[in-house]
Amino acid sequence: MAPASDATVGKTDYARWRMKSDHGRQTWHYLQTEEEMKEWPQTIADKHYLGLDTGLPDLPPPKTPLDAAKNGIEFFSKLQVSSGNWACEYPGPLFLTPGFIITMYITNTPIPQEWKTEVIRYLAHRTNPHEGGWGLHVEGESTVFGTAMNYVVLRICGMDKDHPIAAKARKRLHEMGGALYSPHWGKIWLSLLNLYKWEGLNPVIPELWVLPKWVPFHPWRWWIHCRMVYLPISYLYNSKYYHPVNDLILSLRKELYTQDFDSIDFSRHRNSVSEIDVYYPHTTLLNVLNGVLVAWGKVCPKFVQEYAIRAVKDLVVREDEDSEYVCLGPVNNPLNFLVRYLDDGPRSHAVQMHRKTLEDYMWLNKEGMFVNGTDGLQVWDTSFWVQAVVETGIAQREEYREMLVRALEFLEDQQIRENCRDQHNSYRHIRKGAWPFSKRLQGYTVSDCTAEALKAVLLLQRMPEFPKLLSDQRLYNCIDVLLSIQSSDGGFSEYETSRVGDWIEHLNAAEVFGNIMKSYSVPECTTAVVTALTLFSQMYGYKKDEIESAVKRALNFVKKIQRKDGSWYGSWGICFTYAAMFAMEALEINGESYDNSPHVRRAVHFLLEKQMTDGGWGESYKSSSTGVYHHHEKSQVCNTAYACIALMHSGYPHRKPVERGLKLIMSRQKANGEWEQEAIEGVFNRNCMIAYPNYKFIFTVKALGMFAKKYGDFVLWEG
């Protein structure tokens, strides 16, 4: 039976959807004719993504951990796509789709009717069932940001304002004060649509980009996602662009506010933000700086503004060209599109390319269509899966060879081969030899993606059953990247070395995120690099002394950031169990165990204290947002796998806690070998949650395989 929301908003024919994978580029297509459908049949992977029956048979009931791992491999192998990788949705944030739909509306980019139908349907599924609004992410409470932005999306896509879903959302928005109390990013999108006024925004001036590079708050020092978002925003803020008024805009002006739009003095509302939305309040320093910048805007010479805006435009162009118009992510992609539309013109090559790459981010699942958190997780998930299969000890078997060779071929294809054009003036880190999170064309070095891909390649290429596709020199290039990205504190951030002190966070203007201003060293990235460098050194002599020094400094960092209770805070996964999995593997490689290391013992005791009565572990996303461990109401297979892997790396002498965890994992496995989606798995900037749906396959299989290798493959569960 279809959900009630489907009956009220409509649905496309899911038998007509196909996902195309071309060298890692993933796009969804809606087939119009029966002939097209016959020529391009749906794959098992398509059906899985869409929530359709895959038709996969039941497998022999598993009794041992390796039995369960094999069943998991059997199921997940069927989801490998034509490029050789594994694909999946990457949902969670609810502020991404609005940026795309608003940009398409402003730039007169046609929104296919099937997109409109499925975007409306997704938002209908994801509206808060009690309040009627939308939050910052799918598991959060309603906020002004999420509700105002997604209400606009519904209206652009054709929902009538009197539709029950729209009416309930509007009522909730008004209860929170209306769109006037949107945070900074919301005010920007509303201003572009002529639904807010630019004088009501705290300034984002382009002149910051032409300051001397030694200035301590120059944007080149900011965290890469922060600076690449505020770069195009500074152009748009300076342009004061407003979309022409039409009937929809006039109607939305009435719908979004609790007072008459023309009566509002927007300049008095630069700091008006709903308390529900605020995660990181303005600091006194930021408020003072905003006041100075408002005054500066009134006296800044025009020639200075023009010089600055040309510098900003040049950096936008470099970003577009260095990423083949995919851009860093789904926030700066549509913003860059708007800059190119306004500056280069609607018929320009740049605009045509941006229209094309919007498709790279759109995804479809059983609930509808939305914008993914990136253009995919292709390299990331594929690298982890290869390692999981190798961990089972059965990767050499003939039945898995084709799957793993195709995965190796994909990773070979996705390694970045060249640095950015004039990278110094683009403020970009070296990337030749690195791997990205998604696909090569996106073009961004990511430290842990590079490390995990390197491990996957090394593990396969050292086995005689697999071809050596990457030369030694290409592996050396990868090592050069990893060594270059270590920060002064010994840790590793995601994209580049840290360029500024912690004090810069006082200038965080986003209001809804934490830790956005600096490239912070984090345990996951640091330990991923440690394990990759160590594995490489076991096989090669290249830069052995430098690697030894880097690993030593990194391990000191990992120990230093361990909390007194034995935990590590996970910056990209939820949360403490996730970070423990990475940290314990790095410490084990360094020869530390429960018997000889107080760091390991503290971590083990922390994990054991958190084990739930059913034998599993379960963390709520509130662990990430509060920084304090919060039990989920139900144990989760992902958190359970993380904790079991961490305990096995620790050398803890008692296997009973791990056995209980694995029994829980085995009990949740379906007859066809899959595990069902549970709570959301990931996080970024402390307060926004994002899903990693393939983790429930990857880390469960890895945990089961590790146990069989470490303790033996005996009967553990007879369900």
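Below, the structure is looked at part by part. (Residues numbered from 1 in each chain as written. Predicted model: local features only at pLDDT ≥ 70, side-chain atom pairs only at ≥ 80, totals over all residues. Heavy atoms only, no water.)

**Examining helix H10 (residues 224-239)**
The cut-off we apply is this: Numbering of helices and strands starts at the N terminus; helices are DSSP runs of H or I of at least 4 residues and strands are runs of E of at least 2. To estimate how far a helix should extend, the number of its residues minus one is multiplied by 1.5 Å. Residue burial is assigned from relative accessible area. The probe radius is 1.4 Å, only protein chains are included, and a residue is buried under 20% of its type maximum, exposed over 50%, and partly exposed in between.
Look at H10: 23 Å from first C-alpha to last across 16 residues, which is about the 22 Å you get at 1.5 Å a residue. Most of H10 is tucked away: 13 of the 16 residues are buried. The positive-phi residue at the C-terminal boundary of H10 is Lys 240, with phi of around 50°.

**Quick word on unusual backbone geometry**
Backbone phi values are negative for most residues with the exception of glycine, while trans is the configuration of most peptide bonds. Phi is positive for Asn 108, close to 55°, though the residue is something other than glycine. Among the secondary structure elements, Asn 108 is positioned in the loop between helix H5 (96-106) and helix H6 (113-126). A residue is classified by how much of its surface remains accessible, and Asn 108, at 56% relative accessible area, is exposed. In the Ramachandran plot, Asn 685 falls in the positive-phi region, its phi being about 50° despite a non-glycine side chain. When you line up the elements, Asn 685 lands in the loop between strand S7 (682-684) and strand S8 (688-690).

**Some details on the pattern of salt bridges**
The criterion, for reference: Here, a salt bridge means any side-chain nitrogen of Lys or Arg that lies within 4 Å of a carboxyl oxygen of Asp or Glu.
Counted according to the given criterion, the structure contains 38 salt bridges. The shortest N-O distance in the salt bridge between Lys 670 and Glu 674 comes to 3.7 Å. Using a relative accessible area of 34% as the deciding quantity, one classes Lys 670 as partly exposed.

**Comments concerning the packing of helix H16 (residues 378-391) against helix H17 (residues 398-414)**
This is how the line gets drawn: A fitted line through C-alpha atoms serves as each axis, taken over the contacting stretch for helices, and the angle formed by two N-to-C directions is quoted from 0 to 180°. Any angle that falls under 35 degrees is termed roughly parallel, while one over 145 is termed roughly antiparallel, one within 65 to 115 roughly perpendicular, and all others oblique. A crossing counts as left-handed when the near helix is turned anticlockwise from the far one by less than a right angle, and as right-handed when that turn is clockwise. By definition in these notes, contact holds between two residues if any of their heavy atoms fall within 4.5 Å.
Taken N-terminus to C-terminus, the directions of H16 and H17 make an angle of 140°; their axes are 10 Å apart at the nearest point. Classified by the interaxial angle, the pair formed by H16 and H17 is oblique. Crossing angle aside, the handedness with which H16 passes H17 is left-handed. From H16, Gln 378, Val 379, Thr 382, Ser 383, Trp 385, Val 386 and Val 389 reach across to H17, where they touch Met 403, Leu 404, Ala 407, Phe 410, Leu 411 and Gln 414.

**Section: the nonpolar core**
As a reminder, the rule being used: We define a nonpolar core as any set of buried Ala, Val, Leu, Ile, Met, Phe, Trp, Tyr and Cys residues linked to one another through side-chain atoms lying within 4.5 Å.
Counting 247 residues, the largest nonpolar core has Phe 95, Trp 185, Leu 256, Tyr 257, Trp 385 and Phe 513 as the members making the most contacts within it. When neighbours within four sequence positions are excluded, Phe 513 is seen to be in contact with Phe 95, Leu 136, Trp 185, Tyr 279, Tyr 280, Asn 508, Phe 684, Asn 685 and Cys 688.

Interpretation in functional terms is not warranted from these geometric data alone.
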